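# Structural description and commentary
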Amino acid sequence: MPRKYKRKTQRASWSEETLKAALLEIDNGSPLRAVSRRFGIPRSTLQDRCRTKNTGQATLGRNPVFSKAEEKELVEHIIQLSKMFYGITPFEIKQCAFKYAIRNNVKNPFLNEAAGRAWLEGFLKRNPQISLRRPEGTSLNRIKAFNRDEVSIFFKNLNNVMDKYHFSAAQIFNADETGITTVQRPSKIYAQKGQKRVGYATSGEKGKTTTVMCSFSAAGMYVPPMFIFARKRMSPQLKKNGPPEAMYCCSDNGWINETLFLDWLNHFKTSVKVSKEDPVLLILDNHVSHSTLGAYNYCKENGIVLLTIPPHTSHRIQPLDVSFYGPLKTAYHNECDKYLKNHPGEKITPNEVAEIFNKAFARVATLEKAQKGFQTTGIFPVNADVFTDDDFLAAENIKVSIDTIGPHQNREDLHRGLIDPIQPSSSLQTELLEEENTPETSLSEKVSFSEIAPIPSTSSSSSAAKRGTGKKQHSEIVTLTPMKDVLEEKEARKARKAERKAQKTVKRKVLCDDNLTKSVKDSKKGNIYYAEDEEMEEEHFSDNDINYDICIICGEFGKNGEIWLRCVSCGEWAHKACSGNDNNAFICDFCH
């Protein structure tokens, strides 16, 4: 049948309402022929519908390959897979339909080991509740972290502070950082149909990122943003035409740190007019710069209650991420497009970032977006039931963290049950023909779509060894009194690390490999020297050579020939024998 079929007759052009009215006339005693002429419905059709009591719309053409119940099962499974973050593509659906038809001995016209395009189009028309969507990439850490237990802890903490302080909408704030770049993401444009390459002007291939920290309240008040530029010292040009009362600072990498967060807290206090007599609730993520002893003392002195959200859950629980940052970045990229059009040949530099951001911020920072962000996340009004069972379905399915996947395991191991790639037609066709020649499958032995395309899941018996991980973090009320001891211990560990680092005066020589090829790493400059052969190894690593670096565990020097491990978190070194670690990734006890 042609893909764009045009009807040549008016057969079955009547509607369900017309059929129901005609059947009602017949029930009231009207002659069948008269009703047929009056409503334009064939007499034989009326006879059949009177006998079967079927009032549905007539269907023309061939019957679908699968029954309504089978298609309903397939639709439900497709929706289930999408909720588990492992949705299937159109081609995988066609493969699934082909395998289902073969294994259940369903008569079908499918060729090339997959259903055809016409079947897929008809399937989508018959089931409009599913459509082709472009998914947003979601890391496995986020999928696993957004679970019922972590969300329950957050709402328990939220209820505790609300019961104690009775915060109003004007006293509940959310703060978060985001990155903006000098290279915009172009919007869709019109161009010649069939043109292979369609370009758009940008400032460069890779832009410079500037961190912006924003904050708003559940009542719709916006705190002037803070800009953090990646540079050594500030310049007045960076503040040109920026948002009113905004704060400008810089750091080596353009990221926030403990000192800058304290500066922002002071900026926040000045903008909100907070005090011990009129406290506020500040909700933010659990970045290391937010949970410090300095921040604890400052907030306790000024009436700021700090509440952190669970790690890797900002895409669902952070109001700024849910309702504000998406439209803000879209508006910012549009303003970048306008700037390049109005200044042809000029690049966007960090000096223009504040001005462009100001135009986007003024357009997007509305009362409705702030209120909607807190309402959607269930923070205000407090609604712990805002997330349904479907929202936690994916986390409950993943039993093992992504860290349990070994370096030699492919991601397809998690996707193992989903549609297999097409095998050579000879082997697969032979297998399917054998199944086709078997007796008709009974209802109890019927293969379901979930068996053909099972939901991917990990297993606790995975052969991959677990890598070292730090202590698991949860939502916390940072300004609680017991947290002071935790933060003081954290500061003490940091001071001890800094003291050990200051004692290093000799370049570190480390034997990195047990095999013939060995390397020596310069701990200060990161230079690597490779020994070409055994003679060169003996020349560089004689028994008299001594490594004067100190092990962070035993506090002793080491001789060459010993294996050293470097902490992937803080960069400190330790003897392999002292660490007791056999994995590739080593995290010291101080970083746990």
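Predicted, not measured: the structure shown is a model, and the values here were computed from it. (Residues numbered from 1 in each chain as written. Predicted model: local features only at pLDDT ≥ 70, side-chain atom pairs only at ≥ 80, totals over all residues. Heavy atoms only, no water.)

## With respect to the pattern of salt bridges
Pairs may arise between side chains of opposite charge once their charged atoms sit close together. The line we're drawing: Salt bridges are defined as contacts in which a side-chain nitrogen from Lys or Arg sits within 4 Å of a carboxyl oxygen from Asp or Glu. Here a helix means four or more residues in a row that DSSP labels H or I, a strand means two or more in a row labelled E, and each is numbered from the N terminus. Residue burial is assigned from relative accessible area. The probe radius is 1.4 Å, only protein chains are included, and a residue is buried under 20% of its type maximum, exposed over 50%, and partly exposed in between.
For the coordinates displayed, the defined rule picks out 16 salt bridges. Residue E71 is joined to R126 by a salt bridge in which the shortest nitrogen-to-oxygen separation is 2.7 Å. Pair noted here: E71 is in helix α4 (residues 68-83) and R126 is in helix α6 (residues 117-126), with a separation of 55 residues, a long-range link. In this structure E71 comes out as buried when scored by relative accessible area, which is 5%. Since its relative accessible area comes to 38%, R126 is described here as partly exposed. One network of salt bridges, with partners in common, ties together R148, D389 and E396.

## Re the side chain of R500
Going by this rule: Charge counting treats Lys and Arg as positive and Asp and Glu as negative, with His and both chain ends excluded.
With respect to the helices and strands, the residue R500 is situated in helix α18 (residues 482-502). One buried charged residue, R500, forms no salt bridge at all, with the nearest opposite charge on E572 at 5.1 Å.

## Some remarks on the UniProt feature "DNA-binding region" (unreviewed entry) in the protein
Counted only if it meets this: UniProt positions are given in the numbering used here, feature names are shortened, and annotations may be inferred rather than shown by experiment.
Sites flagged by UniProt as "DNA-binding region" (unreviewed entry) map to residues 32-52. A distance of 16 Å separates the end C-alpha atoms of residues 32-52, which is 86% helix and 0% strand.

## Concerning a positive patch on the surface
So the rule is basically this: Every patch collects residues that have over 30% relative accessible area and no salt bridge, joining them within 9 Å if they carry like charges and within 5 Å if they are nonpolar side chains (Val, Leu, Ile, Met, Phe, Trp, Tyr). Residue exposure ignores everything except the shown protein chains as possible cover, and the areas themselves are Shrake-Rupley values with a 1.4 Å probe. For the purpose of locating charges, the reference atoms are NZ of Lys, CZ of Arg, CG of Asp and CD of Glu.
Taken together, K164, K276, K300 and K484 make up a surface patch of like positive charges. Position of K484 among the secondary structure elements: in helix α18.

## Comments concerning the packing of helix α9 (residues 258-272) against helix α10 (residues 293-302)
Short version of the rule: Between N-to-C directions, angles cover 0 to 180 degrees, with each direction set by a line fitted to C-alpha atoms, over the stretch in contact for helices. Relative orientations are named as follows: roughly parallel for angles under 35 degrees, roughly antiparallel for angles over 145 degrees, roughly perpendicular for angles from 65 to 115 degrees, and oblique for any other angle. Take the far helix as your reference; a near helix turned counterclockwise from it by less than a right angle gives a left-handed crossing, and one turned clockwise gives a right-handed crossing. The contact criterion used is simple: two residues touch if any of their non-hydrogen atoms lie within 4.5 Å. For this classification, Asp, Glu, Lys and Arg are treated as charged, while Ala, Val, Leu, Ile, Met, Phe, Trp, Tyr, Cys and Pro are nonpolar and the rest, including Gly, are polar.
Closest axis-to-axis distance for the α9/α10 pair is 10 Å, and the angle between their directions is 15°. Regarding the angle of α9 to α10, the classification is roughly parallel. Crossing of α9 over α10 shows right-handed handedness. Across the interface between the two elements, F261, L262, L265, N266 and K269 of α9 pack against G294, A295, Y298, C299 and N302 of α10. In the contact of α9 with α10, the residues fall into six nonpolar, three polar and one charged.

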